[in-house]
Amino acid sequence: LTMRKILLSLVAIAAVVFSASAQQKGESYFGVNLGYDTSKGWSKVTVHSAYIDDVEDVTLGGDDFGFGLEYGYFVANNLLLKAHIGYGFDKVGEEISHSLNITPGLAYYVRLAKGFYYTPNISIGYGMSMNKQSDNSYLAANGFVAELQPLAVEFRPTERFAMTVSLASLQYAFLSSETEMLNTPVKMDVQGLSFSLLTNAQVGFKLYF
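Reading guide: rules and limits
Along each chain, the written sequence defines residue order, and numbers are assigned to residues from 1. This being a predicted model, a pLDDT of at least 70 is required before a residue's local features are given, and a value of 80 or more before pairs of side-chain atoms are given or counted; all residues contribute to the totals for chains, interfaces and linings. Side-chain numbers come from the whole structure's heavy atoms, not from hydrogens or water. The definition of a nonpolar core used throughout is a set of buried Ala, Val, Leu, Ile, Met, Phe, Trp, Tyr and Cys residues joined through side-chain atoms within 4.5 Å. Relative accessibility decides the category of a residue: with a 1.4 Å probe and only protein chains considered, values under 20% of the type maximum give buried, values over 50% give exposed, and everything between is partly exposed. The contact criterion used throughout is that any non-hydrogen atoms of two residues lie within 4.5 Å. Where helices and strands are cited, they refer to DSSP runs of H or I of at least four residues and of E of at least two residues respectively, numbered from the N terminus. A pair is scored as a salt bridge if a Lys or Arg side-chain nitrogen falls within 4 Å of a carboxyl oxygen belonging to Asp or Glu. Side-chain rings of Phe, Tyr and Trp, where Trp is taken by its six-membered ring, are said to pair if the distance between their centres is within 6.5 Å; with planes under 30 degrees apart they count as stacked, over 60 as edge-to-face, and otherwise as tilted. Whenever two N or O atoms come within 3.5 Å, that pair is a polar contact, provided that in protein one can donate a hydrogen and the other can accept it, and provided that, for residues adjacent in sequence, both atoms are side-chain atoms. Strand pairing requires that DSSP identify at least two bridges connecting the strands. Predictor confidence is given residue by residue as pLDDT, running from a minimum of 0 to a maximum of 100.

Q: Explain the nonpolar core to me, please; I cannot follow it from the model alone.
A: One broad trend across soluble globular proteins is that nonpolar side chains are buried collectively. Of all hydrophobic cores here, the largest spans 8 residues; its members are Tyr 29, Phe 74, Leu 80, Ala 107, Tyr 109, Tyr 117, Ala 162 and Tyr 208. Look past the residues within four positions of Phe 74 in its chain and what remains in contact with it is Gln 23, Gln 24, Lys 25, Gly 26, Glu 27, Leu 79, Leu 80, Tyr 109 and Tyr 208.

Q: Which parts of the structure should I look at to understand the environment of Gly 115?
A: Inspection of the secondary structure assignment puts Gly 115 in the loop between strand 7 (110-113) and strand 8 (116-118). The buried category is assigned to Gly 115, whose relative accessible area is 5%. Each C-alpha atom, one on Gly 115 and one on Pro 157, is 5.9 Å from the other, the two residues being 42 residues apart in sequence.

Q: In this structure, what is going on with the pattern of salt bridges? I would like to understand it.
A: Pairing between side chains of opposite charge can happen when the charged atoms of each approach one another. Taken as a whole and assessed by the stated rule, the structure comprises 4 salt bridges. Between Lys 82 and Glu 70 there is a salt bridge whose closest N-O contact spans 4.0 Å. Here Lys 82, found in strand 5 (residues 79-92), pairs with Glu 70, found in strand 4 (residues 63-76); they are 12 residues apart in sequence, far enough to count as distant. Across the salt bridge formed by Asp 189 and Lys 187, the nearest N and O atoms sit 2.7 Å from each other. Residue class for Lys 187 comes out partly exposed when judged on its relative accessible area of 31%.

Q: Explain the packing of aromatic side chains here, please?
A: Two descriptors summarise a pair of aromatic rings, namely the distance from one centre to the other and the angle between the planes of the rings. The tally for this structure, following the rule as stated, stands at 7 aromatic pairs. Measuring from ring centre to ring centre gives 5.4 Å for Tyr 29 and Tyr 208, while their planes differ by 55 degrees; the resulting arrangement is tilted. With Tyr 29 in strand 1 (residues 28-37) and Tyr 208 in strand 13 (residues 184-208), this residue pair connects regions lying 179 residues apart in the sequence. What makes Tyr 208 buried here is its relative accessible area of 2%. With a centroid separation of 6.2 Å and 55 degrees between ring planes, the pair formed by Phe 144 and Tyr 172 is classed as tilted. Of this pair, Phe 144 sits in strand 10 (residues 138-149) while Tyr 172 sits in strand 12 (residues 161-181); the two residues are 28 residues apart in sequence, bridging distant segments of the chain. Given the relative accessible area of 29%, Tyr 172 is considered partly exposed.

Q: Just to check I follow, could you spell out the side chain of Ser 169 for this structure?
A: Residue placement: Ser 169 occurs in strand 12. Separated by 3.5 Å, the side chains of Ser 169 and Gln 171 make a polar contact. The residues contacting Ser 169, other than those within four sequence positions of it, are Glu 147, Leu 148, Ser 194, Phe 195, Ser 196, Asn 200 and Gln 202.

Q: When you look at the pairing of strand 11 (residues 152-155) in this model, what are you seeing that I'm missing?
A: If a strand is regular, its side chains alternate between the two faces of the sheet. Alternating residues of strand 11 divide into Ala 152 and Glu 154, all buried, and Val 153 and Phe 155, none buried. The sheet contact formed by strand 8 and strand 11 spans 3 bridges and is antiparallel. Bridging from a neighbouring strand, Tyr 118 pairs with Val 153 of strand 11.

Q: Sorry if this is basic, but what is going on with the confidence of the model for the protein chain here?
A: Should pLDDT be low for a region, the predicted coordinates there are not to be read in detail. When pLDDT is averaged across the protein chain, the result is 83; 79% of the residues are at 70 or more. pLDDT under 50 marks residues 10-21. Its contacts with residues more than four places away, or in other chains, come to 8 contacts.

Q: Honestly, the side chain of His 84 in this entry has me stumped. Any pointers?
A: Inspection of the secondary structure puts His 84 in strand 5. Polar contacts involving the side chain of His 84 include one to the side chain of Asn 33, which spans 3.2 Å. Those residues in contact with His 84, other than ones at most four positions away along the chain, are Asn 33, Gly 68, Leu 69, Glu 70, Asn 101, Ile 102 and Thr 103.

Q: Any chance you could explain the pairing of strand 9 (residues 121-132) here in plain terms?
A: Taken together, the 9 bridges between strand 6 (residues 95-108) and strand 9 define a ladder with antiparallel strand orientation. Opposite Ser 99, over in strand 9, you have Ser 129 as the bridge partner. Pairing of strand 9 with strand 10 involves 12 bridges; the strand directions are antiparallel. The residue bridging Gly 125 from the neighbouring strand is Val 145, located in strand 10. If you look at the hairpin formed by strand 9 and strand 10, you'll find 5 residues sitting between the two strands, and Asn 136 has a positive phi there, around 70 degrees.

Shown next as structure tokens:
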């Protein structure tokens with residue numbers, strides 16, 4: 001009888017620990033994140049006008065810095081729905097570009113240990129970039145962006161505070177822009193794909209409520 005009580009007590013304690021550290025339906029948070037990317041990727045540029053139709057493959061690269069704000073809500077236990085707005089600054093040689101992304105996303109939480117979770121996630125939404133031209137003007141492009149983070153984790157040492165880290169990212173974008181050259185309308189489509197492992201470090205901080 002004594003051994004049975006001990007076993008029941010251990011099961012009860014384990015259940016309490018698990019429920020206290022699981023991400024529960026109805027929880028929400030505000031967060032900020034920072035990222036630095038030195039990875040390379042592929043981009044396809046298509047130009048349409050009355051005088052030219054051209055397709056060119058371009059290698060992406062350079063130093064990219066990003067900053068974002070995020071809100072998340074657990075629609076079910078361990079299943080997160082989030083909204084993210086992020087700014088990026090990219091410099092390749094003398095070329096400078098700014099970007100803005102507004103992306104809803106989903107993340108699933110797998111408990112690895114108390115307060116420690118594996119959190120693969122995907123985001124899909126709207127993207128805009130501003131690319132500096134040789135005359136110091138900026139060319140705007142708008143379109144679709146998506147990102148998969150397969151190696152993301154979250155550490156939650158207290159009930160209200162958490163830290164996140166992502167060390168891999170698969171990104172895709174399709175952006176279109178319209179400008180004018182020699183009094184002729186020109187439409188440009190850019191689609192790019194990049195994957196980074198350890199070269200795209202992103203860290204974030206969350207405040208749960």
